[in-house]
Amino acid sequence: MGKNAIVGQSGGPTSVINASLAGVFESCKSRGADIVYGMCNGVAGLLEERVVDLSTLLTDDLDIELLKRTPSSFLGSCRYKLPDWHTDEAVYKKLFAILEKLEIGYFFYIGGNDSMDTVDALAEWARGNAPGKRFIGIPKTVDNDLVPVDHCPGFPSAAKVACEITHATRLDYDAYTRPEVFVLEVMGRDAGWLAASCCVTGDVDLLVLPEVDFDREAFLAEVRRKFDETGKCYIVTSEGAHYADGAYLSAGNAADDGFAHAVLGGAAATIKQMIVDAGIVPRGIVQDLSRAARSSNFAQSIVDRTEAWELGLSAHMRSAAPAFTGQVVGVRRDEAAAAEGLYNAKFFAAPASEFANFVRRFPAEWILPNYQGITPEAVAYFR
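This is a predicted model, so every value here is computed, not measured.

**A few points about the packing of helix H1 (residues 17–30) against helix H3 (residues 61–68)**
No. 1: Relative to each other, H1 and H3 sit at 150°, their axes nearing to 7 Å. Relative to H3, H1 is oriented roughly antiparallel. Along its contact with H1, which presents Asn 18, Ala 19, Leu 21, Ala 22, Phe 25 and Glu 26, the element H3 presents Ile 64, Leu 67 and Lys 68.
No. 2: Residue composition of the contact of H1 with H3, by class: 6 nonpolar, 1 polar and 2 charged.

**Quick notes on H3**
Along an α-helix, a turn takes 3.6 residues, which lines up residues three or four apart on a common side.
No. 1: Of all the residues in H3, the buried ones are Ile 64, Leu 67 and Lys 68. Looking straight down H3, one finds that the buried residues subtend no more than 100° of arc, so they occupy a single side.

**Observations regarding the nonpolar core**
No. 1: In terms of nonpolar packing, the biggest core is built from 55 residues, with Phe 219, Val 223, Ile 235, Ile 275, Phe 362 and Ile 374 touching the most fellow members.
No. 2: For this core, the secondary-structure elements that each account for two or more residues are helix H6 (155–174), strand S6 (181–186), helix H7 (193–197), strand S7 (206–208), helix H8 (216–230), strand S8 (234–238), helix H9 (267–277) and helix H12 (376–382).
No. 3: In terms of residue count, the dominant contributor to this core is H6 (6 residues).
No. 4: Sequence-distant contacts of Phe 362, that is, excluding residues within four places in its chain, are made with Ala 191, Gly 192, Trp 193, Ala 196, Leu 209, Glu 211, Ile 367, Ile 374, Ala 378 and Phe 382.

**Focus on the layout of surface pockets**
No. 1: Approximately 580 Å³ is the volume found for the second largest pocket.
No. 2: In this structure, the second largest pocket is lined by 22 residues; those nearest its centre are Arg 333, Ala 380, Tyr 381, Phe 382 and Arg 383.
No. 3: Among the elements of the structure, H6, helix H10 (302–318), helix H11 (335–339) and H12 are those that each provide at least two residues to the lining of the second largest pocket.
No. 4: The leading source of residues in the lining of the second largest pocket is H6, at 5 residues.
No. 5: The residue makeup of the lining of the second largest pocket, split by class, is 12 nonpolar, 4 polar and 6 charged.

Parameters and conventions
Residues numbered from 1 in each chain as written. Predicted model: local features only at pLDDT ≥ 70, side-chain atom pairs only at ≥ 80, totals over all residues. Heavy atoms only, no water. Axes fitted to C-alpha atoms, helices over the stretch in contact; angles between N-to-C directions. Helix = DSSP H or I, 4+ residues; strand = E, 2+ residues; numbered from the N terminus. Parallel < 35°, antiparallel > 145°, perpendicular 65-115°, else oblique. Contact = heavy atoms within 4.5 Å. Nonpolar A, V, L, I, M, F, W, Y, C, P; charged D, E, K, R; others polar. Buried < 20%, exposed > 50% of the residue type's maximum accessible area, 1.4 Å probe, protein only. Arc of directions from axis to C-beta. Core = buried A, V, L, I, M, F, W, Y, C linked by side-chain atoms within 4.5 Å. 1 Å grid on protein atoms, 1.4 Å probe; cavity = no way out; pocket = protein on both sides within 12 Å on 5 of 7 lines; lining within 4 Å. Points joined across faces, edges and corners; volume = space filled by probe spheres on them.

Following this line, the structure appears as structure tokens:
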């Protein structure tokens, strides 16, 4: 097995995804890797042999510290789905030939659940065709929808941005007496973690989550009630809000992103127009947070950045064990510390198959009825 390592990034960027990259690089170099390659644009770029020796880019400690604070994906990203190797091995043979050429012994992939599916597939194919090579996943997603973790790197920073924007725009909204509704849209295709986190501010009047089928009449009744009581209604919605039949509120659900996921965006505009058309108020404001929460390093959570970096370190240190392949490292909460009102992270590893293609939804027991927000337990989790 080669002594070189390679690391790539995949899926949507986060503000701390490069902290994990820095952790992998530091650990690989300190533990004797000859060369640490970076895949340019993930597996898609690797298949085109677009790689870089990270030592030529990261030459001193300052470069590492800057990398931890650099937004978006330093190496570039991709959304590339590997075929099922049971029926199509050509891509795998090409990819492994490239790994052999580069003398790669360790393959690290930083991404969401689709990326962990890539780790799982490569490790499975390697068991029968390239034994000894190790494939390790490092999770990231602002949606916080991976299992079996307590939370995922990238989410705390995105939630911090979302809360700051929620509070700032609520103050702006409250400055006027004119009748209008405010609707903030945040990311979250299948899980409402990010939208729910906005409720920590105390500024959210109504919350629309993918976990609850949207009921137009019931929702509009709550909007009317809010305006009757306060003259205001500040709404937060996940991009993945949908009706009982599965149809998204957003208008852009005809296309897909390469993984058979609808391309979302527009739920807030739909809700605003729905309220105006119902005659509740004559106008509305829409704020689409979307990608602004994803790579906003100016509001990085220090806890988030530290955990993302330590997961990168943990990934490589664990890979020293010959049997450690097809695994993903993750974060769990120290329950003993939590019982005392404190937060402390514990790191663990589990098979990539437990992460891949599963969705961890916002708990139903933490959702208040009638779009009223979240329970105190949920607020305590976020805080």
